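Now for the letters of each chain:
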Amino acid sequence: MIAFIVRRLLQSLVVMLVVALLAFSMFRFIGDPVNQMVGVDTTEEVRENLRERLGLNDPVSVQFGRFVVNAAQLDFGISYQHKKEVSNLLAERAPATLELAFLSAIFALIVGVPMGVYTGLHRDSWLSKVFLTVSLVGISLPTFLIGILMIFIFSVWLGWLPSFGRGEVVDLGFWSTGLLTVSGWQAAIMPSITLGLFQMTLIMRLVRAEMLEVLRTDYVKFARARGLPNRAVHFGHALKNTLVPVITITGLQLGSIIAFAIITETVFQWPGMGLMFLQAIQTVDIPIMAAYLILIAFIFVVINLIVDILYYVVDPRLRIDRATAAGH
Amino acid sequence: MNETTTFADSAGATARPRGNRPVLEVEKLRVEFPTRKGTLRAVDDISFHIDEGEVLGVVGESGAGKSMTGTAIIGLLEPPGRIAGGEVRLEGERIDNLPYEKMRRYRGARIGMVFQDPLTSLNPLYTVGFHLTETIRTHSDLSEKQARQRALDLLSEVGIPAPERRIDQYPHQFSGGMRQRVVVALALCANPRLIIADEPTTALDVSIQAQIIRLLQRLCREHGASVMLITHDMGVIAETADRVAVMYAGRIAEVGPVQEVVKNAQHPYTEGLMGAIPTIGGTHEDLVQIKGSMPRLTQIPSGCAFHPRCPKAFDRCRRERPELMPAGRSEAACWLHDPAEKGRRRGNG
Ligand SMILES: Nc1ncnc2c1ncn2[C@@H]1O[C@H](COP(=O)(O)OP(=O)(O)OP(=O)(O)O)[C@@H](O)[C@H]1O
Ligand code: SF4
Ligand SMILES: [Mg+2]
């Protein structure tokens, strides 16, 4: 167990170093940072001074080492564009992105699980077929198209919901939330649905597949043979057994939800980290790009690590039991 | 004590000597599976009955339709499988065409079922006590506390040591044999009149198979339940069953008192199964094995389905399908026992 965790931790560390190297090389290959920081009319002497002060004349390995050490302390330097600490900028933007991701995940679960259960239980009903068809659309339509369609219908056409922004935001000091105002919720509806749609269809299909599998197990047959009501069989015995994989997958998906937020945030002008990243690309604001890249990679790595460890803890008994229960 | 009398009463009252009133009557039962290649008939017009307190053994090769028959009786065929004809009567009441909800209430309370694999019959996420109380409360109005007491009683009845400690444990904390005891307790906890036991010991260690079978037999006797015991094990049948039905390709080949069928088989297939074919100088292998294998459902032979493998087959076997007919003290579906045929043979011979 300990050996397993240590090994996974080391692997995670390697992944993070590779990402850091990628982020670092952006500084070297995309433009000269000094050019970004000073005016056109700055003298060569001032530039050289700046270069020296920023440590750009040191050997590459030393620079990379310094970059990693700084990044580990959440110091990603100063944004060229905003002239502020990148870590502060990200911290300002993080609540918007995290709230959006959280709402999307909740939406995906609350809608996806019941739809999955329904389609699993009533395999041949017409409603199941409608759900499955709609889910295919959800999977195959690109996010931005769905977002734009929704804006067109609910903002432009019906005028029910705002088409951009985060609504009124309440600042709690450490966190700025849109969840305490009506306009905040209104503004969150379409972005959350857009962002969560893909995960919702994924969860629905997963729950459906798991339900179909669990319904074939001996313990479900035996539960029926004992005369338990359908409710107890379907929800007490079947659904409960599907939840382990569903929760794992949803947890894993949280990483991609945060990453995919870029597109949704752009479509809805949602003031999160993703939007800032895209703007940073346009202005070649490399410190922000690098920090964002590292942050997203870090979120992925941490989530994967947690899930792997959970699997290791939960798996041996559960997985084996399930596998044998399925085969008759 | 008072609380459990609802169950104890009925158990006591039914533990009377065997009567001749059939608990289960199956008449021309037919189970079909519509498939793309046509309709498969897994159970084909079979009729039998089980008397009160009786143990009916059901034997036959894999795929003979034993489990299908049991599943059809308890009403748990998985779609698209369906009962395509015939009748099933429980204590005189027809149960094959009941609405789902009504049949659901009968399951566990009037017909119980035990499956082959105790390892997978219990939900790994729930304690043994949860399984028991949920079943007890489904079929009675006992309170949670009374149900728990009843569960404890049942656990000691099926021979689980230290039930107070064991009741809150999860299935994986029990050995296979102990789990199967729990499964038996679950099947019996609402005192059903009939238990269908589908190879209840196949998945268990040989050393504990006999214990479980004896437990099942004792409990069913005490609770006054009849048993349909599906198994591959002729030893178990010989020891436990009162009568035996031998199934072949979805039909009953022979049915009769256990001693008769084992010692004095009337159907050539049973003879082969019992290893009683008298071939002079034959090796042991020849005695036990029947040449060939059971036909697949898609290619059931005409006439007597056994004729391609039958050492005694004759013309008529290929053309006409034999129904069960009296044969010795049993009944067999074999033309050899047709009086007309006997007369002709004697005449010829
Ligand atoms: N879903 C299905 N669709 C079509 N045919 C099926 C299906 N399930 C079972 N069968 C067929 O029904 C026949 C009877 O199966 P059954 O399970 O009753 O056999 P069995 O006598 O219990 O055998 P075993 O000793 O292996 O348990 C088999 O030939 C099997 O292939
Ligand atoms: S009917 Fe004919 S083929 Fe069938 S078992 Fe009897 S003798 Fe054999
Ligand atoms: Mg079977």
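Since this is a predicted model, take the numbers as computed values, not measurements. (Residues numbered from 1 in each chain as written. Chains lettered and ligands numbered in written order. Predicted model: local features only at pLDDT ≥ 70, side-chain atom pairs only at ≥ 80, totals over all residues. Heavy atoms only, no water.)

Draft legend 1. Spotlight on the overall build of chain A. Broken down by element type, chain A carries 12 helices and 2 strands. The secondary structure elements of chain A, listed N-terminal to C-terminal, are α-α-α-α-α-α-α-β-β-α-α-α-α-α. Seen through its C-alpha atoms, chain A measures out along the principal axes to roughly 90 × 60 × 35 Å. Within chain A, the proportion of its 328 residues that are buried is 45%. As presented, chain A carries roughly 16700 Å² of accessible surface, and 70% of it is formed by carbon and sulfur atoms. Of the charged side chains in chain A, 24 are positive and 22 negative, and the gap between their average positions amounts to 16 Å. (Helix = DSSP H or I, 4+ residues; strand = E, 2+ residues; numbered from the N terminus. Buried < 20%, exposed > 50% of the residue type's maximum accessible area, 1.4 Å probe, protein only. Areas by Shrake-Rupley, 256 points an atom, 1.4 Å probe, with all protein chains shown as cover. Lys, Arg positive; Asp, Glu negative; His and termini not counted. Charge placed at Lys NZ, Arg CZ, Asp CG, Glu CD.)

Draft legend 2. Up close: the sheet that holds strand β1 (residues 22-35) of chain B. Residue and element names in this part refer to chain B. Judged by pairing direction, the sheet is antiparallel, and its 4 strands sit side by side in the order β2-β1-β4-β5 without closing on themselves. Both outer strands of the open sheet, β2 (38-51) and β5 (93-94), are each paired with one neighbouring strand and no more. Where β1 and β2 come together, 10 bridges link them in antiparallel fashion. Counterpart to Pro 22 in the pairing with β2 is Asp 51. (Pairing = 2+ DSSP bridges.)

Draft legend 3. How the structure looks around the UniProt feature "domain: ABC transporter" (unreviewed entry) in chain B. In this structure's numbering, the residues bearing the UniProt feature "domain: ABC transporter" (unreviewed entry) are residues 24-274 of chain B. When the span residues 24-274 of chain B is considered, its composition is 39% helix and 27% strand, and the gap between its end C-alpha atoms is 27 Å. (UniProt positions renumbered as here; feature names shortened; annotations may be inferred.)

Draft legend 4. Broad picture of the UniProt feature "transmembrane region" (unreviewed entry) in chain A. All names here are of chain A. The sites that UniProt annotates as "transmembrane region" (unreviewed entry) are residues 12-30, 100-118, 130-160, 172-198, 243-268 and 288-314. For residues 100-118, the helix share is 100%, the strand share is 0%, and the end-to-end C-alpha distance is 27 Å. Measuring from the first to the last C-alpha atom of residues 243-268 gives 33 Å, for a span that is 96% helix and 0% strand.

Draft legend 5. A look at the domain arrangement of chain A. Residues and elements named next belong to chain A. Annotation of chain A at the domain level lists domain 1 (2-72) and domain 2 (89-327). In this structure, domain 1 and domain 2 have C-alpha centres spaced 34 Å apart. Each side of the interface is counted separately: domain 1 has 15 residues, and domain 2 has 16 residues. Summing the contributions of domain 1 and of domain 2, the shared interface buries around 1400 Å²; its carbon and sulfur component is 86%. At the junction of domain 1 and domain 2, the tally comes to 0 salt bridges. One can count 0 residue pairs in polar contact (both at pLDDT 80 or more) joining domain 1 with domain 2. Top element by residues in the side of domain 1 that touches domain 2 is helix α1 (residues 2-29). It accounts for 12 residues. (Domains from an automatic or database assignment. Contact = heavy atoms within 4.5 Å. Buried area = accessible area lost by both parts, 1.4 Å probe. Salt bridge = Lys/Arg side-chain N within 4 Å of Asp/Glu carboxyl O. Polar contact = N/O pair within 3.5 Å; in protein donor to acceptor, adjacent residues only side chain to side chain.)

Draft legend 6. Inspection of the interface of chain A and chain B at higher detail. Each partner contributes residues to the interface: chain A has 20 residues there, and chain B has 28 residues. Summing the contributions of chain A and of chain B, the shared interface buries around 2300 Å²; its carbon and sulfur component is 59%. Joining chain A to chain B, the criterion identifies 1 salt bridge. Notably, a salt bridge pairs Glu 134 of chain B with Arg 226 of chain A, separated by 3.3 Å at the nearest N-O pair. Run the count over chain A and chain B and you get 14 residue pairs in polar contact (both at pLDDT 80 or more). For the side of chain A that touches chain B, the secondary structure elements donating two or more residues are α9 (218-225), α10 (230-267) and α12 (286-326) of chain A.

Draft legend 7. Focus on the packing of helix α7 (residues 143-157) of chain A against α10 of chain A. All names here are of chain A. Look at α7 against α10: their axes get within 9 Å of each other, and the N-to-C directions meet at 30 degrees. In terms of orientation, α7 and α10 fall into the roughly parallel class. In terms of crossing hand, the pair formed by α7 and α10 is right-handed. On α10, the residues touching Thr 143, Phe 144, Gly 147, Ile 148 and Ile 151 of α7 are Ile 263, Thr 264 and Val 267. Split into classes, the residues belonging to the contact of α7 with α10 amount to 5 nonpolar, 3 polar and no charged. (Axes fitted to C-alpha atoms, helices over the stretch in contact; angles between N-to-C directions. Parallel < 35°, antiparallel > 145°, perpendicular 65-115°, else oblique. Left-handed = near helix turned anticlockwise from the far one by under 90°. Nonpolar A, V, L, I, M, F, W, Y, C, P; charged D, E, K, R; others polar.)

Draft legend 8. The arrangement of a nonpolar patch on the surface in detail. Residue and element names in this part refer to chain A. Together, Phe 144, Leu 145, Ile 148, Leu 149, Phe 260 and Ile 263 line one region of the surface with nonpolar side chains, adding up to about 530 Å² of accessible area. Contributing elements (two or more residues each) for the nonpolar patch: α7 and α10. Top element by residues in the nonpolar patch is α7. It accounts for 4 residues. (Patch = residues over 30% accessible without salt bridge, like charges linked within 9 Å, V, L, I, M, F, W, Y side chains within 5 Å.)

Draft legend 9. Broad picture of the pairing of strand β7 (residues 194-198) of chain B. All names here are of chain B. Counting buried positions over the 5 residues of β7 gives 5, a clear majority of the element. Of the two faces of β7, the one holding Leu 194, Ile 196 and Asp 198 and the one holding Ile 195 and Ala 197 are both buried throughout. Pairing between strand β6 (residues 111-114) and β7: 4 bridges, direction parallel. Looking at the pairing, Ile 111 lines up with Leu 194 of β7. Summarising the sheet, β7 and strand β8 (residues 226-230) pair through 5 bridges and their orientation is parallel. Counted as the bridge partner of Ala 197 is Leu 229 from β8. Following the chain from β7 across helix α9 (residues 206-223) to the adjacent parallel β8, one finds a crossover that is right-handed. (Right-handed = clockwise from strand over helix to strand, strands pointing away.)

Draft legend 10. Expanded view of the confidence of the model for chain B. Residue and element names in this part refer to chain B. Of all residues in chain B, 88% attain a pLDDT of 70 or more, and the chain-wide mean is 85. Put simply, helix α1 (residues 5-14) is where chain B has its lowest mean pLDDT, 40, and strand β10 (residues 251-257) is where it has its highest, 95. Across residues 1-18 the pLDDT falls below 50, and counting only partners more than four positions away or on other chains, this stretch makes 25 contacts in the model. Our summary of model confidence lists the complex with pTM equal to 0.77 and ipTM equal to 0.85. (pLDDT = per-residue confidence, 0-100.)

Draft legend 11. Expanded view of the pattern of salt bridges. Residue and element names in this part refer to chain B. Taken as a whole and assessed by the stated rule, the structure comprises 34 salt bridges over all chains. One salt bridge in this structure joins Arg 94 and Glu 87, with 3.8 Å as the shortest N-O distance. Glu 144 is paired through a salt bridge with Arg 137; the nearest N and O atoms lie 2.7 Å apart. The partly exposed category is assigned to Glu 144, whose relative accessible area is 45%. For Arg 137, a relative accessible area of 39% translates into the label partly exposed. Taken together, the shared-partner salt bridges in this structure form one network comprising Arg 30, Glu 32, Arg 41, Asp 44, Asp 45, Arg 82, Arg 251, Arg 321 and Glu 323.

Draft legend 12. Up close: the site of ligand 2. The local shell around ligand 2 consists of His 267, Pro 268, Cys 304, Phe 306, His 307, Cys 310, Lys 312, Ala 313, Cys 317, Cys 334, Trp 335 and Leu 336 of chain B. Residues that form the shell around ligand 2 fall into these classes: 9 nonpolar, 2 polar and 1 charged. (Near = heavy atom within 4 Å.)

Draft legend 13. A look at the site of ligand 1. Residue and element names in this part refer to chain B. Around ligand 1, the surrounding shell holds 13 residues, and the nearest of these are Ser 62, Gly 63, Lys 66, Ser 67 and Met 68. Within the contact set of ligand 1, an oxygen atom lies 2.6 Å away from a side-chain nitrogen or oxygen of Ser 67. A distance of 3.0 Å separates an oxygen atom of ligand 1 from a polar atom in the side chain of His 232. Protein contacts shield 65% of the accessible area of ligand 1, which totals 640 Å² for the unbound molecule. The leading source of residues in the shell around ligand 1 is helix α2 (residues 66-74), at 3 residues.

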